[in-house]
Amino acid sequence: MNLAIFLEQILNGLITGSMYALIGSGIALVYGTMRVLNLAHGEFYMLGGYFTFYLIVQIGLSPLLAIPLAVAIAFCLGALIQKLTIEYLIVRENWAFTTIAATLGLSIVLQNAALLMFGEQFNTVPYYVQGVMSIGDIRLPWQRVLIFVVALATIAGMTWLLKYTRLGWSIRATSQDRDAAQVVGIPVRRIYMICFGLAAALGALAAAMLAPINAINPWAGIPILLKGFVVVILGGLGSFPGAIIGGLFLGVVEAVGVQLTSSEWRDVISFTLMIAVIWWRPWGVFGTK
């Protein structure tokens with residue numbers, strides 16, 4: 001294999017993995033804080049893609065305005081859905097199963113709502129930046145470079161928020177002990193709503209950045225949700241740093257595996273890796289036993 005092509009595949013894997021990391025970190029944030037396995041997370045990705053498409057293509061906004069607006073809309077939608085559904089379920093007995101059933105139903109509802117509102121056609125968004133970056137024999141489209149930069153900036157921003165802000169401290173305290181957090185005055189219900197909104201916003205941002213590359217359709221959230229679950233299983237369910245490392249690692253493994261085999265083996269490689277991790281370390285690389 002040519003060295004330049006191999007390095008290109010590694011870089012492309014890191015770029016794809018950075019998007020997996022955004023998706024996985026949203027799933028990990030909700031589970032780590034609320035202990036809710038959100039099966040509708042992929043639909044926030046799908047809706048984020050549609051929001052971006054309509055703001056840029058139909059309304060004609062600049063991507064600099066459209067992408068933050070699409071992410072903000074997704075945040076508000078996620079927070080509203082949590083307030084209207086999940087909040088009333090997690091206070092009941094046997095809430096773990098009811099939340100899984102509710103988010104599965106919500107996934108189906110959002111898919112069909114998107115099908116009715118937007119139709120079944122596949123939509124794309126023009127590239128945000130044109131041209132190709134060349135370093136020696138290595139060539140990467142500037143669009144992919146932009147995706148990686150935005151992903152790294154978002155991951156750094158979320159890490160800073162969780163570690164160095166009052167909101168982040170409240171989220172971490174709630175994830176460690178909900179009852180103790182309530183005793184010291186942390187508004188747990190509001191924290192839950194914010195976390196659900198943040199997870200939806202992370203999914204929407206991933207969709208907005210991938211919209212020029214991946215087609216937007218009502219079923220776009222299903223494959224990305226499956227990849228998100230692979231990521232959180234690799235890193236450890238509920239571990240935010242684990243989701244980031246797991247996403248990057250999965251992207252590189254997929255890229256190298258596809259280069260050695262073919263694109264049809266991409267999902268086989270992902271789920272084989274997931275099964276191997278479950279067999280070797282079921283709680284994930286960064287999770288707790």
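Residues numbered from 1 in each chain as written. Predicted model: local features only at pLDDT ≥ 70, side-chain atom pairs only at ≥ 80, totals over all residues. Heavy atoms only, no water.

- Per an unreviewed UniProt entry, the protein goes by Branched-chain amino acid ABC transporter permease and derives from Paracoccus acridae.
- Under Subcellular location (unreviewed entry), UniProt gives the following word-for-word description of the protein: "Cell membrane". (UniProt positions renumbered as here; feature names shortened; annotations may be inferred.)

## Let's talk about the overall build of the protein
Thought 1: Check the secondary structure of the protein and you find 11 helices and two strands.
Thought 2: Shown N-terminal to C-terminal, the secondary structure of the protein runs as helices and strands in the order α-α-α-α-β-β-α-α-α-α-α-α-α.
Thought 3: Dimensions of the protein along its principal axes, counting C-alpha atoms only, are 60 × 50 × 35 Å.
Thought 4: Considering the protein as a whole, with its 289 residues, one finds that 51% of them fall into the buried category.
Thought 5: Within the protein, counting contacts between residues at least 6 apart in sequence, those at least 24 apart form 77% of the total. (Helix = DSSP H or I, 4+ residues; strand = E, 2+ residues; numbered from the N terminus. Buried < 20%, exposed > 50% of the residue type's maximum accessible area, 1.4 Å probe, protein only. Contact = heavy atoms within 4.5 Å.)

## What to know about the nonpolar core
Thought 1: Formed by 82 residues in total, the largest nonpolar core has its most connected members in Met19, Leu22, Tyr45 and Ile171.
Thought 2: With sequence-adjacent residues up to four places away left out, Tyr45 is seen in contact with Ile23, Gly203, Ala204, Ala206, Ala207, Leu210, Asn214, Ala220, Gly221 and Ile224. (Core = buried A, V, L, I, M, F, W, Y, C linked by side-chain atoms within 4.5 Å.)

## Digging into the pairing of strand β1 (residues 132-135)
Thought 1: Bridge count for β1 against strand β2 (residues 138-141) is four bridges, and the pairing is antiparallel. Residue Ser134 lies in a different strand from β2, and its bridge partner there is Arg139. (Pairing = 2+ DSSP bridges.)

## With respect to the UniProt feature "transmembrane region" (unreviewed entry) in the protein
Thought 1: Following the UniProt record, one finds the feature "transmembrane region" (unreviewed entry) at residues 12-31, 51-82, 94-118, 142-162, 191-216 and 228-253.
Thought 2: Between the C-alpha atoms that bound residues 142-162 there is a distance of 30 Å. The span itself is 100% helix and 0% strand.
Thought 3: With 85% helix and 0% strand, residues 228-253 has its two end C-alpha atoms placed 15 Å apart.

## A short note on the packing of helix α2 (residues 41-58) against helix α3 (residues 63-89)
Thought 1: Where α2 meets α3, the axes come as close as 9 Å, and the angle between the chain directions of the two elements is 140°. Like other packed secondary-structure pairs, α2 and α3 cross with a definite hand, here right-handed. Taking contact as the criterion, the partners of Phe44, Leu47, Gly48, Phe51, Thr52, Leu55 and Ile56 in α2 are, on α3, Pro63, Ala66, Ile67, Leu69, Ala70, Ile73, Ala74, Leu77, Gly78 and Ile81.
Thought 2: Considering only residue class, the contact of α2 with α3 consists of 14 nonpolar, three polar and no charged. (Axes fitted to C-alpha atoms, helices over the stretch in contact; angles between N-to-C directions. Left-handed = near helix turned anticlockwise from the far one by under 90°. Nonpolar A, V, L, I, M, F, W, Y, C, P; charged D, E, K, R; others polar.)

## Topic: the side chain of Glu87
Thought 1: Structurally, the position occupied by Glu87 is in helix α3.
Thought 2: Residue class for Glu87 comes out buried when judged on its relative accessible area of 8%.
Thought 3: Within polar-contact distance, the side chain of Glu87 engages the side chain of Lys83 at 3.2 Å.
Thought 4: For Glu87, the contacting residues outside a window of four places in its chain are Gln82 and Arg189. (Polar contact = N/O pair within 3.5 Å; in protein donor to acceptor, adjacent residues only side chain to side chain.)

## Section: the side chain of Asn217
Thought 1: Here Asn217 shows up in the loop between α8 (188-210) and α9 (221-235).
Thought 2: Here the side chain of Asn217 touches Trp219 through a polar contact of 2.9 Å, landing on its backbone nitrogen.
Thought 3: A polar atom in the side chain of Asn217 sits 3.1 Å from the backbone nitrogen of Ala220.
Thought 4: Ignoring anything within four residues of it in the chain, the contact list for Asn217 reads Met46, Tyr50, Gln121 and Phe122.

## Observations concerning the environment of Phe44
Thought 1: By the secondary structure assignment, Phe44 is in helix α2.
Thought 2: Using a relative accessible area of 1% as the deciding quantity, one classes Phe44 as buried.
Thought 3: As for Phe44 and Ala199, which are separated by 155 residues in sequence, their C-alpha atoms are 8.6 Å apart.
Thought 4: Setting aside residues no more than four positions away along its own chain, Phe44 makes contact with Asn38, Leu77, Gly78, Ile81, Phe196, Ala200, Gly203 and Ala204.

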